[in-house]
Amino acid sequence: MKGAVFVALAATIGNFLQGWDNATIAGAIVYIKEDLDLDSTIEGLVVAMSLIGATVITTCSGPISDWLGRRPMLIMSSLLYFVGGLVMLWSPNVYVLCLGRLLDGFGIGLAVTLVPLYISETAPADTRGSLNTLPQFTGSGGMFLSYCMIFGMSLSASPSWRIMLGVLSIPSVIYFVFTVFFLPESPRWLVSKGKMTEAKHVLQRLRGREDVSGELALLVEGLGIGGETSIEEYMIGPADEADEQEPTSEKGRIKLYGPEEGLSWVARPVPGQSSLALISRQGTMTNQNVPLMDPLVTLFGSVHEKLPETGSMKSMLFPNFGSMFSTTADPHVKDEEWDEENMQREEGEDYASEAGGGDSDENLHSPLISRQTTSIEKEMGPPASHGSILSMRRHSSLMQGTGEQVGSTGIGGGWQLAWKWTEREGEDGKKEGGFKRIYLHEEGVPGSRRGSLVSLPGVDVPAEDEFVPAAALVSQPALYSKELNDQHPLGPAMVHPSETASKGPIWTALLEPGVKHALFVGMGIQLLQQFSGINGVLYYTPQILEEAGVEDLLSDLGLSSESASFLISAFTTFLMLPCIAVGMRLVDSTGRRMLLLTTIPVLIVTLAVLVIVELIGSSSVASSLIATICVVVYFCSFMTAYGPIPNILCSEIFPTRVRGLCITICALVFWLGDIIVTDTLPVLLDSIGLAGIFGIYAAVCVVSWVFVFLKVPETKGMPLEVITEFFSVGAKQIATAKTE
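Numbering of residues begins from 1 in every chain and follows the order in which that chain's sequence is written. For this predicted model, a pLDDT threshold of at least 70 governs which residues receive local features, and a threshold of 80 or more governs which side-chain atom pairs are given and counted, while totals over whole chains, interfaces and linings are taken from all residues. Remark: hydrogens and water are excluded; side-chain values derive from all non-hydrogen atoms of the structure.

Moving on, we get to the overall build of the protein chain. In terms of helices and strands, the protein chain carries 29 helices and seven strands. Relative accessibility decides the category of a residue: with a 1.4 Å probe and only protein chains considered, values under 20% of the type maximum give buried, values over 50% give exposed, and everything between is partly exposed. Going through the 740 residues of the protein chain one by one, you find that 58% of them count as buried. Throughout, a residue-residue contact means that at least one pair of heavy atoms, one from each residue, lies within 4.5 Å. Considering only contacts within the protein chain whose residues lie at least 6 apart along the sequence, 78% involve residues at least 24 apart. Strands here mean DSSP runs of E at least two residues long; helices mean DSSP runs of H or I at least four residues long; both are numbered from the N terminus.

What follows is the structure in structure tokens.
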């Protein structure tokens, strides 16, 4: 955890610089227009150049980060901040100043787009939301400190706007040092490029433990996009004596062995549960009766509704399960054997396959799941079932008879990752095998029947009739080639991740139903956030504080109007910090969706009150006080949830191989919405006034609440790969239901 927190803090220095720049230009422009004698058009251009630069760089930042990596792009961001600050410090005229602002905007665009993505890919599922709120917190902190600096400089006889803008280069050097020497590359990106050894080392550093094999397997599974996924249900409980003596007596069962001798579990599929029936059955009665409710929202919600009462984010299905990656036959087998950079491969060579020869562990070494060939297998050759004994560590031995074989490992958030080998008879009467991946999640059961199931082995062994229901997402593994079936592989043979990644940019993947559905959610929440009123309230704040007499009070203290304005802005941004901290604390416990549904109504009420205050037109102290309270409450509510959560959601809902591209699309929508709102605000002020503007913002907030309620699922505590799998299966089932 310490490693993940440190990396997140270091990455968010880029957002700190963004907030610093936004506040600095707001204060420096007062002196720039006097010094360079700018008209209103050029003044607006100077301010907007960073926004233009951020929008332009956003169009390509995601695909380039998918190609080169996240870390190089963050290093580039720090360099652009540094160079932009130096250019603004030197700028002899407005043209050079605009160039510096453009370079600065490039750095802002890279940081704002990629830092949430980077944090999501490095943070544990249980704390991902909290860590991904840090960009909002550090950005607001940068604004506060910048306003404090400008306020201090405004007290001097001749404030220098060049120094105000050029100071940006100093913290950008710190950002550069951290990105170069302390930030590792995203482990998910490394896995997507086949750099397994480096990915393992990064995960070990981030998690602070040696055994990261479960998460490494999860990252590999995350390379898949789409695929045929079904939702199934299992009953998991202790194996009885008959199971111990005859493990293959019943087809369709999966046997799971615990860490101690004599302790084992049996998973029995529950028949007759179709995917759509499961979605309908698991949703709340409230959601089922709501028109237009997205079944995907119900499906996600069912996961959180069915959590065991203990509330633990750790997996409870199979306590103490460890690594699937180690082989007992050869403890010296290293990940380097499957690392792209250390393998010499001939064209057409197959991984982990029987074709090509021998039964030795060296020839049969599976990239992800190490196996141990038994003496019986060596004597008899590959069994008809094409099954094998999966080699586990002492604390996670897991095997099944001829029917199905499963290896399992915890992946966080109460989820287990498992694989099984299943068979069926083909048309020609021959047995055909298939390798399936399973994401298992324990559902809540009555407390009287739960205690022993979540206890450590050797404490309270459950009775024979105690079974735990578990939902399962069953699909094709990301790296399992169907062509390998014809080669009769021994065990779970997989292709190399680099072969999957070498298929190139996946623009066509944007048409995959799950990706399209996620894009709709991401783009919608970003656009609605921009039109929810934050820019208008920021614009209005100095005016209502002035009407409340705050500026007169500061003037009586000897402050100029500019200094008083900067101090008021510093106070306003300071209010954001504790509110974001509250959101940081709640986002992983209360959840993203619930926070939005709770705080957006507060935005609606405060905006409606501001509309009434403006329509009344009273200049009394009471009206000013009410308006001030509304603005403060609006700020607090917005920064607690609607400010950070859209970026958090967008960094969670897309598959690994297109995450950068999809986040680019969502970020582009964000910047375009920002430009539209900023440019239309003066026009709307002249035409419909503040009352009309706040009325529009209130209406947009109502639409936002409806959109979140109907379309935005709850993603707290879920591994990224499971989230994208849910989007995939849910979207396809919705499409199927529409055609029936």
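Text resumes after the structure shown.
Now for the packing of helix H27 (residues 659-687) against helix H28 (residues 689-711). Orientation is described by lines fitted to C-alpha atoms, with helices fitted over the stretch in contact, and by angles between N-to-C directions that extend from 0 to 180 degrees. The N-to-C vectors of H27 and H28 enclose an angle of 130 degrees; their axes lie 7 Å apart at closest approach. On the basis of their axis angle, the class for H27 and H28 is oblique. Handedness of the H27/H28 crossing: right-handed. On H28, the residues that touch Val677, Leu681, Leu684, Leu685 and Ser687 of H27 are Gly689, Leu690, Ile693 and Tyr697. Three classes are used, and their members are as follows: Ala, Val, Leu, Ile, Met, Phe, Trp, Tyr, Cys and Pro are nonpolar, Asp, Glu, Lys and Arg are charged, and the others, Gly among them, are polar. The class makeup of the residues in the contact of H27 with H28 is seven nonpolar, two polar and no charged. Should an angle fall under 35 degrees it is called roughly parallel, over 145 degrees roughly antiparallel, and 65 to 115 degrees roughly perpendicular, with every other angle called oblique. Helix crossings get a hand from a simple test, with the near helix turned counterclockwise from the far one by less than a right angle marking a left-handed crossing and a clockwise turn marking a right-handed one.

Turning next to unusual backbone geometry. If you check the backbone angles, Asp37 has positive phi at about 55 degrees while not being a glycine. Relative to the helices and strands, Asp37 resides in the loop between helix H2 (13-35) and helix H3 (40-68).

Further remarks concern the packing of aromatic side chains. For Phe, Tyr and Trp, where Trp contributes only its six-membered ring, two rings pair if their centres lie within 6.5 Å, and the inter-plane angle classes them as stacked under 30 degrees, edge-to-face over 60, or tilted in between. Taken as a whole and judged by the stated rule, the model has 15 aromatic pairs. For the ring pair Phe144 and Phe574, a centre distance of 5.2 Å and an interplane angle of 45 degrees mean the geometry is tilted. Taken together, the positions of Phe144 in helix H7 (residues 134-154) and Phe574 in helix H23 (residues 561-586) put the pair 430 residues apart, joining distant regions of the chain. Of the residues examined, Phe574 reaches a relative accessible area of 41% and is grouped as partly exposed. Each ring, one from Tyr634 and one from Phe638, has its centre 6.0 Å from the other, and the planes form 15 degrees; the classification is stacked. Of this pair, Tyr634 and Phe638 both sit in helix H25 (residues 621-642), separated by four residues, roughly a single helical turn. Residue classification places Tyr634 among the buried residues on the basis of a relative accessible area of 0%.

Along the chain, Arg70 turns up in helix H4 (residues 70-90). Among the polar contacts made by the side chain of Arg70, one reaches the side chain of Asp66 at a distance of 2.7 Å. With residues up to four places along the chain from it excluded, the contact list for Arg70 reads Ser65, Leu117, Tyr118, Glu121, Glu185, Ser186, Trp189, Thr656, Arg659 and Gly660. Whenever two N or O atoms come within 3.5 Å, that pair is a polar contact, provided that in protein one can donate a hydrogen and the other can accept it, and provided that, for residues adjacent in sequence, both atoms are side-chain atoms.

Right, let's get into the environment of Val56. Position of Val56 among the secondary structure elements: in helix H3. In this structure, the C-alpha to C-alpha distance between Val56 and Trp671, residues 615 residues apart in sequence, is 9.5 Å.

Further remarks concern the confidence of the model for the protein chain. pLDDT expresses, on a scale from 0 to 100, how confident the predictor is about each individual residue. The predicted model of the protein chain averages 74 in pLDDT, with 67% of residues at 70 or higher. Within the model, the stretch residues 244-249 combines pLDDT values under 50 with 11 contacts to residues more than four positions away or in other chains.

Let's shift gears to a nonpolar patch on the surface. A contiguous nonpolar surface patch, about 820 Å² in accessible area, is contributed by Phe6, Phe82, Val83, Leu86, Leu89, Ile163, Val173, Val177, Phe181 and Phe182. Of all the elements in the fold, those that place two or more residues in the nonpolar patch are H4 and helix H9 (169-181). Counting residues per element, the nonpolar patch draws most heavily on H4, at four residues. Residue Val173 is classed as partly exposed on the basis of its relative accessible area of 40%. Patch building starts from residues that exceed 30% relative accessible area and form no salt bridge, then joins like charges within 9 Å and nonpolar side chains (Val, Leu, Ile, Met, Phe, Trp, Tyr) within 5 Å. Exposure was quantified through the Shrake-Rupley algorithm and a 1.4 Å probe, taking into account, for residues, occlusion by the shown protein chains and nothing else. The term salt bridge refers to a side-chain nitrogen of Lys or Arg lying within 4 Å of a carboxyl oxygen of Asp or Glu.

Looking at where Val7 falls in the secondary structure, it is placed in helix H1 (residues 2-11). Classification of Val7 as buried rests on a relative accessible area of 1%. The spacing of Val7 and Leu183 is 176 residues in sequence and 6.0 Å in space, taken between C-alpha atoms. Ignoring any residue separated from it by four or fewer positions in sequence, one finds Val7 in contact with Tyr118, Thr122, Phe182, Leu183, Pro184 and Leu206.

Interaxial distance between helix H5 (residues 94-122) and H27 falls to 10 Å at its minimum, and their mutual angle equals 135 degrees. One way to sum up the angle between H5 and H27 is to call them oblique. Note that H5 runs across H27; the crossing there is right-handed. For the pair H5 and H27, the contacting residues are Ile108, Val112, Thr113, Leu117 and Glu121 in the first and Arg659, Gly660, Ile663, Ala667 and Trp671 in the second. Here the contact of H5 with H27 is composed, by residue class, of six nonpolar, two polar and two charged.

What follows covers the nonpolar core. Nonpolar cores are built from buried Ala, Val, Leu, Ile, Met, Phe, Trp, Tyr and Cys residues. Side-chain atoms within 4.5 Å join them into one set. Ranked by size, the top nonpolar core spans 80 residues in total, and within it Phe654, Phe694 and Phe726 carry the most contacts. For this core, the leading source of residues is H28, giving 11 residues. Beyond its immediate chain neighbours, meaning those up to four positions away, Phe654 contacts Val515, Ala518, Leu519, Arg659, Cys662, Ile663, Cys666 and Thr724. In terms of nonpolar packing, the next biggest core, distinct from the first, is built from 75 residues, Leu17, Leu38, Ile57 and Leu110 among them.

Enumeration according to the criterion identifies 11 salt bridges in this entry. Between Glu121 and Arg70 there is a salt bridge, and its shortest N-O distance comes to 2.8 Å. Taken together, the residues span a long stretch of sequence, with Glu121 in helix H5 and Arg70 in helix H4 at a distance of 51 residues. Overlapping salt bridges, with partners in common, bring together Asp66, Arg70, Glu121 and Arg659 in one network.

On to the side chain of Arg101. Note on placement: Arg101 falls in helix H5. By relative accessible area, Arg101 is classed as buried at 0%. Side-chain polar atoms of Arg101 contact the backbone oxygen of Val46, separated by 3.2 Å.

Turning to H3, a few remarks are in order. Given a helix with a known number of residues, its expected span is that number minus one, times 1.5 Å. Taking 1.5 Å of rise per residue, 29 residues should cover 42 Å, and H3 covers 41 Å from first to last C-alpha, within 8% of that figure. What we call the bend at a residue is the angle made by axes fitted to the seven residues finishing there and the seven residues starting there. The axis of H3 is deflected most strongly, by about 45 degrees, at Ala48. By the N-cap criterion, in which a side-chain oxygen at the helix start approaches the backbone nitrogen of a residue two or three places on, H3 is capped by Asp39, the distance to Thr41 being 3.2 Å. Positive backbone phi, approximately 115 degrees, marks Gly69, located one or two places after H3.

Here, a disulfide means two cysteine sulfur atoms that sit within 2.5 Å of each other. Across all of its chains, the model carries zero disulfides by this definition. With no disulfide of its own, Cys662 lies closest to Cys666 among cysteine sulfurs, the gap being 7.0 Å. Judged by relative accessible area, which is 0%, Cys662 ranks as buried.

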